[in-house]
Amino acid sequence: MSLKLSAAAPAVPAEAQNGVWLADIETGETYAPFDEIRYTGEDGNLLEVRYAELPTFADFKGQGRGVWRYHAALPFRTGVTLPEGDTPLHKAPRIRDEIGINSLRVKHEGMNPTGSFKDRGMTVGVRVAKELGVDRLACASTGNTSAALAAYGARGGMETLVLLPAGKVASGKIAQAALHDARILEVDGNFDNCLDIVQDLAQKGEVYLLNSLNPFRLEGQKTIGIEILERFMAEEGVFPDRIVLPVGNAGNTSALYKAFRELVQSGALDPTEVPRLTGVQAAGAAPMVEAVEHGWDGIQRWESVETRATAIRIGNPVNAPKALPGIRETGGTAVDVSDDEITDAQQSLAKEGIGVEPASAASIAGLRKLRDRGVVDSTENVVCLTTGHLLKDTDEAFKAGGDPEPVANDTDAVLQHIGAK
Ligand SMILES: *Cc1c(COP(=O)(O)O)cnc(C)c1O
C-alpha cells in the first residue's frame, strides 16, 4: 500500500520549485508544480504536493491565526485570503454524556468565511491559480465548493464557472455562488457527472479545476488537522484519539492524513499519537464504507446515490486512493448512517447551540453508532468535524426544527398561547 504513515521523507527531485513538487502517489513520478498545469499522473493516478522541508509545531508559533499560520506546511507564505480557518473547537457536554466518552469536541468548519471548510482549500488553490497565470476557474459542486470558489475567485479578480447537479443543491449555497458572480451551470445529472464534465473541460485547457482532485486544495485543508492537534493539546493536554468526519469526495480524510504523515515524517508527531481517522457516509451514498468493510484497495463507483445530506451525495469519491490508506494506517474505520440518524444528530448539535447543515451532522451520527457498537471506547477523546453552517440549507433546518406558531397581534392572546407562568 502506498502512503505509509512511517515512510521516510522523500528526496528532493530536480523538478522541485522553491522546495515544492508534485508526485504521483502510485508510481512516485515527480513533476514541476508551477510550470505546466497537471492534475493527475500519467495513468490518471492522483498527485500529491511534496516538500523539501516538513514542519514541526515550533514553526507555527507566533505566525498569527487561521490557515496561513501554518505556511510552513504550505506551498506559499500567504494566499488569496478572506481570511479562513481558526474555527471554534466547541465542547458538547450533553452529547458527550449521552454518547459516553471521555471528551468530545466539535470542530465547526461552518464558521469559515463562506460557511464551509472548502474556504481553506480555496485560499491555497486560488493562490496557485495566480501563480500559474490562469484566468478561468471552475469546479463541480454539491454546493459548498461552488460558494467558496465564487467568493475566492471574486477576491482574486478571476472568472469562475460552477457546475451543479440540477435540483440537488441547497439554496443557500446557490445564492452565494450567484451573488459572488460565478456563472452557474445546472447539469441534468448528479455530482459525479458534473465532475466528469469539468475534468474534461480542464483537460482541454478551458478552465483551471479547483475540485479536491487538485492536490493544492488538500494542502489548505490539511490545516484542519494541524489546528485540531494544536488546540486540543493546548486545551485538553493530549492529542485526540480519534477524529470523526463526514466523507463525500474524501478530500478532508486525505488532507488530514497527509497533515499527520508530514508531522510524523518531520519527527513532530509520534506515529502512536496520530488520531484514528473515522469516516462517515450517508447510507444512500457509501462507497467508502463499502470499501473499508470489504477490505478493498479501491472503491466501486455507485451510479445512483441519494441522501438529504446533499453535500455528501457522492458515488465516486475521487480521493479514495489517498483516503483509504489514511483510514487503515491510523487504525480508523468508516460507518454509514441513515438520513434520520443524521437529522437526530443535527438536532442534538443544535441543542448545544451548534448550527450545522445535514452532512456535517453525519460525524456525530457516526460517532453515536460506533459507540453503540463498542467500536469507540468510553475512554476516548474524540473530535467530530462539522463541515458546513446551518444556514446553508434552510429547507432541511426548517424540517428538522420546530414549526412557527401563529398568534394574534395582542399581548394577552400571546400570554394565553404560551401559557402564563
Ligand atoms: C464538501 C463537503 C463534505 C465532503 O468533504 P470531502 O472532503 O469531499 O469528503 C462534507 N460536508 C460538507 C458540508 C461539505 O461541503
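Below is a summary of the structure that appears in this document.

The rules behind these values
- Residues numbered from 1 in each chain as written.
- Predicted model: local features only at pLDDT ≥ 70, side-chain atom pairs only at ≥ 80, totals over all residues.
- Heavy atoms only, no water.
- Pairing = 2+ DSSP bridges.
- Helix = DSSP H or I, 4+ residues; strand = E, 2+ residues; numbered from the N terminus.
- Contact = heavy atoms within 4.5 Å.
- Axes fitted to C-alpha atoms, helices over the stretch in contact; angles between N-to-C directions.
- Patch = residues over 30% accessible without salt bridge, like charges linked within 9 Å, V, L, I, M, F, W, Y side chains within 5 Å.
- Areas by Shrake-Rupley, 256 points an atom, 1.4 Å probe, with all protein chains shown as cover.
- Salt bridge = Lys/Arg side-chain N within 4 Å of Asp/Glu carboxyl O.
- Buried < 20%, exposed > 50% of the residue type's maximum accessible area, 1.4 Å probe, protein only.
- Right-handed = clockwise from strand over helix to strand, strands pointing away.
- Near = heavy atom within 4 Å.
- Polar contact = N/O pair within 3.5 Å; in protein donor to acceptor, adjacent residues only side chain to side chain.
- Nonpolar A, V, L, I, M, F, W, Y, C, P; charged D, E, K, R; others polar.
- Phe/Tyr/Trp six-rings, centres within 6.5 Å; stacked < 30°, edge-to-face > 60°.
- Lys NZ or Arg CZ within 6 Å of the ring centre and 35° of its normal.
- Core = buried A, V, L, I, M, F, W, Y, C linked by side-chain atoms within 4.5 Å.
- Domains from an automatic or database assignment.
- Parallel < 35°, antiparallel > 145°, perpendicular 65-115°, else oblique.
- Left-handed = near helix turned anticlockwise from the far one by under 90°.
- Expected span 1.5 Å × (residues − 1).
- Arc of directions from axis to C-beta.

With that settled, the discussion passes to the sheet that holds strand β3 (residues 47-51). Pairing between sheet strands relies on hydrogen bonds along the backbone, with the strands arranged either parallel or antiparallel. Overall, antiparallel pairing links the three strands, which are arranged β2-β1-β3 in an open sheet. This sheet does not close on itself; its edge strands, each paired only once, are β2 (30-31) and β3. Where strand β1 (residues 20-24) meets β2, two bridges bridge the pair, whose relative direction is antiparallel. Its bridge partner being in β2, Leu22 is matched across the sheet by Tyr31. Sheet strands touched by helix α6 (residues 215-236): β1 and β3. Its angle to β3, the strand with the most contacts, is close to 55 degrees.

A few words now on the sheet that holds strand β6 (residues 136-140). What the four strands build is an open sheet, ordered β8-β7-β6-β9; its pairing is parallel. Edge strands, defined here as strands with exactly one partner in the open sheet, are β8 (183-187) and β9 (208-209). Bridge analysis of strand β7 (residues 159-165) against β8 gives five bridges, and the strand direction is parallel. Residue Pro165 lies in a different strand from β8, and its bridge partner there is Val187.

This part is about a nonpolar patch on the surface. A grouping of Val407, Val414, Leu415 and Ile418 is seen on the molecular surface, where their side chains present a nonpolar patch of about 320 Å² in accessible area. In this fold, Val414 is placed in helix α13 (residues 411-418). Overall, the relative accessible area of 31% leaves Val414 in the partly exposed class.

This next bit is on the pairing of β6. With respect to burial, β6 is a largely interior element, four of its five residues being buried. Here five bridges tie β6 to β7, and the two strands are oriented parallel to one another. Considered in β7, the bridge of Ala140 is made with Leu163. Taking the sense of rotation as the criterion, the β-α-β connection linking β6, helix α3 (residues 144-155) and β7 turns out right-handed. Examined bridge by bridge, β6 and β9 share two bridges and lie parallel to one another. Note that in β9 the partner of Leu137 across the bridge is Tyr208.

Before going further, it helps to examine the pattern of salt bridges. Considering all chains together, one arrives at 33 salt bridges under this definition. When the shortest N-O distance is used, the salt bridge between Glu109 and Arg120 registers 2.7 Å. One end of the pair, Glu109, is in the loop between β5 (103-108) and α2 (118-132); the other, Arg120, is in helix α2, and 11 residues separate them in sequence. Arg120 carries the same exposure label as Glu109, and that label is buried. Between Glu306 and Lys168 there is a salt bridge, and its shortest N-O distance comes to 3.4 Å. Of the two residues, Glu306 sits in the loop between α8 (287-294) and α9 (320-329) while Lys168 sits in the loop between β7 and α4 (171-179), which places them 138 residues apart along the sequence.

This next bit is on the site of the ligand. Not every one of the 15 residues close to the ligand is listed here, only the nearest: Lys118, Asn144, Gly248, Asn249 and Thr387. Between an oxygen atom of the ligand and a side-chain N or O atom of Lys118, the distance comes to 2.6 Å. Within the side chain of Asn144, a nitrogen or oxygen atom sits 2.7 Å from an oxygen atom of the ligand. Contact with the protein chains removes 97% of the 390 Å² of surface that the ligand exposes when unbound. Split by residue class, the shell around the ligand holds six nonpolar, seven polar and two charged.

Turning next to the packing of aromatic side chains. In total, this model carries six aromatic pairs according to the counting rule given. Here Tyr39 and Tyr208 contribute two aromatic rings whose centre-to-centre distance is 5.8 Å and whose plane-to-plane angle is 40 degrees, an arrangement assigned as tilted. Remark: Tyr208 occurs in strand β9 and Tyr39 occurs in the loop between β2 and β3; sequence separation between them is 169 residues. When the centroid spacing of 6.2 Å and the interplanar angle of 80 degrees are considered together, the rings of Phe57 and Phe60 count as edge-to-face. By relative accessible area, which is 16% here, Phe57 ends up buried. Over the ring of Tyr31 we find Arg38, and its NZ or CZ is 4.0 Å from the ring centre.

Moving on: the nonpolar core. Across soluble globular proteins, nonpolar side chains have a tendency to be buried as a group. Judged by nonpolar contacts, the single largest core of 81 residues is most densely connected at Leu137, Tyr208, Phe260 and Leu269. Counting only domains with at least three residues in this core, you end up with domain 1 (89-115 + 218-400) and domain 2 (118-213). Filtering out sequence-adjacent residues up to four positions away, Phe260 remains in contact with Gly225, Leu229, Ile243, Leu269, Val274, Pro275 and Leu277. Ala282, Ala311, Ala345 and Ala365 belong to the second largest nonpolar core, which has 29 residues in total.

Put simply, helix α7 (residues 251-265) and α9 touch, their axes get as near as 8 Å, and they point 55 degrees apart. Looking at the two axes, α7 sits oblique to α9. Once α7 is placed against α9, the crossing between them reads as left-handed. Contacts between α7 and α9 pair Thr253, Ser254 and Tyr257 from the former with Lys322, Ala323, Pro325, Gly326, Ile327 and Glu329 from the latter.

This part covers helix α5 (residues 191-203). With 13 residues, α5 extends 18 Å from end C-alpha to end C-alpha; this agrees with the ideal 18 Å at 1.5 Å per step. Residues of α5 that are buried include every one of Phe191, Asp192, Cys194, Leu195, Val198 and Ala202, and no others. Here the buried residues of α5 occupy an arc of 150 degrees about the axis, which is enough to place them on one side. Buried residues belonging to α5 abut β6, β7, β8 and β9. Between the side-chain oxygen at the start of α5 and the backbone nitrogen of Asp192 there is a gap of 3.1 Å, and the oxygen is on Asn190. Downstream of α5 by a residue or two, Gly205 has a phi angle that is positive, lying close to 80 degrees.

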